[in-house]
Amino acid sequence: MIYDMSGIYLSSLTGVRNNSSSSSNSLDKEAFLRLLLQELEMQDPLEPMETKDMISQLSQLTSLEQITNLTSAVKDFVEAQTSVSPAQLASLIGKYVVVRNNTVNLVGGQSDSIIFNVDEDAHVVVQILDENGKLVRTEDLGTVQVGVHAWQWDGRDDNGISVEDGSYTYRVYKLTSSGLEEIGGMEGGVVEAVQIKDGKGFVLVNGSLYPVDSILEISQEGDA
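My aim in this report is to walk through the structure given alongside it, one point at a time. Everything quoted here is computed from the prediction, not taken from an experiment.

**Re the pattern of salt bridges**
Two side chains with opposite charge may pair up if their charged atoms get near one another. This model, assessed by the stated rule, comprises 4 salt bridges. Of the charged contacts in the structure, one is a salt bridge between K174 and D119, with a shortest N-O distance of 3.0 Å. With K174 in strand 9 (residues 166–176) and D119 in the loop between strand 5 (113–118) and strand 6 (122–129), the pair connects residues that are 55 residues apart, well separated along the chain. Via salt bridges that share partners, D119, E120 and K174 belong to a single interconnected network.

Structure (structure tokens):
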């Protein structure tokens, strides 16, 4: 039985981190208070700020404080959801997993299979890039039917010349009415071991380490 693990992906994490740093929030509150105090100091003694106006501005500050606290709470919650305990990691050993992947190894002129999934019949294009991000090969696979497919690179560039062995990056695209849409690639295998580095979990599959948040599916060994 395959279990869909797509729920672990928290695409909003980056946005939360980028938009809710404590330093910027602190500056906003301090700036607000400075402006309010400056306004009080420079007001006309004969026409001081009305109480209702003061309450209104203080209410805005309170709202800002509440939003800041809420954003911080959301950030803490999101980070808690992305943490993985050693026990949870250990339970993955021996399981068959499918992970996101965009790396292909070339050894002796032979490459790993590039595996990808299309959710509809589509025109598919594969690009191979070297370690410097330079485009080495573009392969037009034509129209591909819905489902999981594999394509093996022959280790040659667009001029038909064999390239050096090594690790290359690949990108898989489908052609849509609005242009090329990246659909990415996949790799599957049994989890051989697990590791924790800098508080983040990794699984060892087919001799390569993948972050836990790259897992797309999990099944019992032999069920895939």
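Picking up where we left off.
**Description of the packing of aromatic side chains**
Applying the stated rule across the entire model yields 1 aromatic pair. Here W153 and Y168 contribute two aromatic rings whose centre-to-centre distance is 5.1 Å and whose plane-to-plane angle is 75°, an arrangement assigned as edge-to-face. With W153 in the loop between strand 8 (147–152) and strand 9 and Y168 in strand 9, the pair connects residues that are 15 residues apart, well separated along the chain. The residues W153 and Y168 share a single accessibility class, namely buried.

**Examining the nonpolar core**
Counting 16 residues, the largest nonpolar core has I114, I128, W153 and Y168 as the members making the most contacts within it. When neighbours within four sequence positions are excluded, I114 is seen to be in contact with V104, V126, I128, H149, A150, W151, Y170 and V172. Within the second largest apolar cluster, 11 residues are counted, among which are L89, V97, V203 and V212.

**Digging into the pairing of strand 6**
Most of strand 6 sits out of view: 7 of its 8 residues are buried. One ladder, built from 8 bridges, connects strand 6 with strand 7 (residues 135–144); its direction is antiparallel. Within strand 7, the residue paired with A122 across the bridge is V144. In this sheet, strand 9 lies alongside strand 6 in antiparallel orientation, the contact comprising 7 bridges. Its bridge partner being in strand 9, H123 is matched across the sheet by L175.

What counts as what
- Residues numbered from 1 in each chain as written.
- Predicted model: local features only at pLDDT ≥ 70, side-chain atom pairs only at ≥ 80, totals over all residues.
- Heavy atoms only, no water.
- Salt bridge = Lys/Arg side-chain N within 4 Å of Asp/Glu carboxyl O.
- Helix = DSSP H or I, 4+ residues; strand = E, 2+ residues; numbered from the N terminus.
- Phe/Tyr/Trp six-rings, centres within 6.5 Å; stacked < 30°, edge-to-face > 60°.
- Buried < 20%, exposed > 50% of the residue type's maximum accessible area, 1.4 Å probe, protein only.
- Core = buried A, V, L, I, M, F, W, Y, C linked by side-chain atoms within 4.5 Å.
- Contact = heavy atoms within 4.5 Å.
- Pairing = 2+ DSSP bridges.

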